[in-house]
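Overview (structure and organization)
Residues per chain, in single letters:
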Amino acid sequence: MATKEYQVSGMTCGHCELSVREEVGAVAGVVDIQVSAATGRLVVTGSGAFDDAQVLAAVDEAGYSAVRSA
């Protein structure tokens, strides 16, 4: 299992969290997503290695921007 953390900007509510969760959930290999609009924190766990670029693109597709933080 691989876990990566991102900082997402622009989220303000539960609907924002849901949008990010849906888009990131479609990335191959992702098995768990924890996202908080209050902190802007997104933690993604994959069954193996997964591509940062795909996660960042998924966040962008949801309408927000993100950077890898850990």
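Residues numbered from 1 in each chain as written. Predicted model: local features only at pLDDT ≥ 70, side-chain atom pairs only at ≥ 80, totals over all residues. Heavy atoms only, no water.

An unreviewed UniProt entry lists the protein under the name Heavy-metal-associated domain-containing protein, with Sanguibacter inulinus as the source organism.

1. Points about the packing of aromatic side chains
The full count for this structure, using the stated rule, is zero aromatic pairs. Just above the ring of Phe50 sits the side chain of Lys4; from NZ or CZ to the centre is 4.6 Å. (Phe/Tyr/Trp six-rings, centres within 6.5 Å; stacked < 30°, edge-to-face > 60°. Lys NZ or Arg CZ within 6 Å of the ring centre and 35° of its normal.)

2. Digging into the pattern of salt bridges
Two side chains with opposite charge may pair up if their charged atoms get near one another. With the rule as written, the count across this model stands at three salt bridges. Measuring nitrogen to oxygen at the nearest pair gives 3.5 Å for the salt bridge that ties Asp52 to Lys4. Of this pair, Asp52 sits in helix 2 (residues 52-61) while Lys4 sits in strand 1 (residues 2-9), placing them 48 residues apart in sequence. Given a relative accessible area of 22%, Asp52 falls into the partly exposed group. A cluster of three or more residues bridged by salt bridges with shared partners is formed by Lys4, Asp52 and Arg68. (Salt bridge = Lys/Arg side-chain N within 4 Å of Asp/Glu carboxyl O. Helix = DSSP H or I, 4+ residues; strand = E, 2+ residues; numbered from the N terminus. Buried < 20%, exposed > 50% of the residue type's maximum accessible area, 1.4 Å probe, protein only.)

3. Focus on helix 1 (residues 14-25)
For helix 1, spanning 12 residues, the distance from its first C-alpha to its last is 16 Å, which sits close to the expected 16 Å at 1.5 Å a residue. Within the span of helix 1, buried status applies to Cys16, Ser19, Val20 and Val24. Seen from one end, helix 1 has its buried residues packed into an arc of 120°, which puts them on one side. Exposed side of helix 1, more than 90 degrees from the buried face: His15 and Glu22 are the residues found there. Looking at the buried residues of helix 1, the elements they touch are strand 2 (30-35), strand 3 (41-46) and helix 2. (Expected span 1.5 Å × (residues − 1). Arc of directions from axis to C-beta. Contact = heavy atoms within 4.5 Å.)

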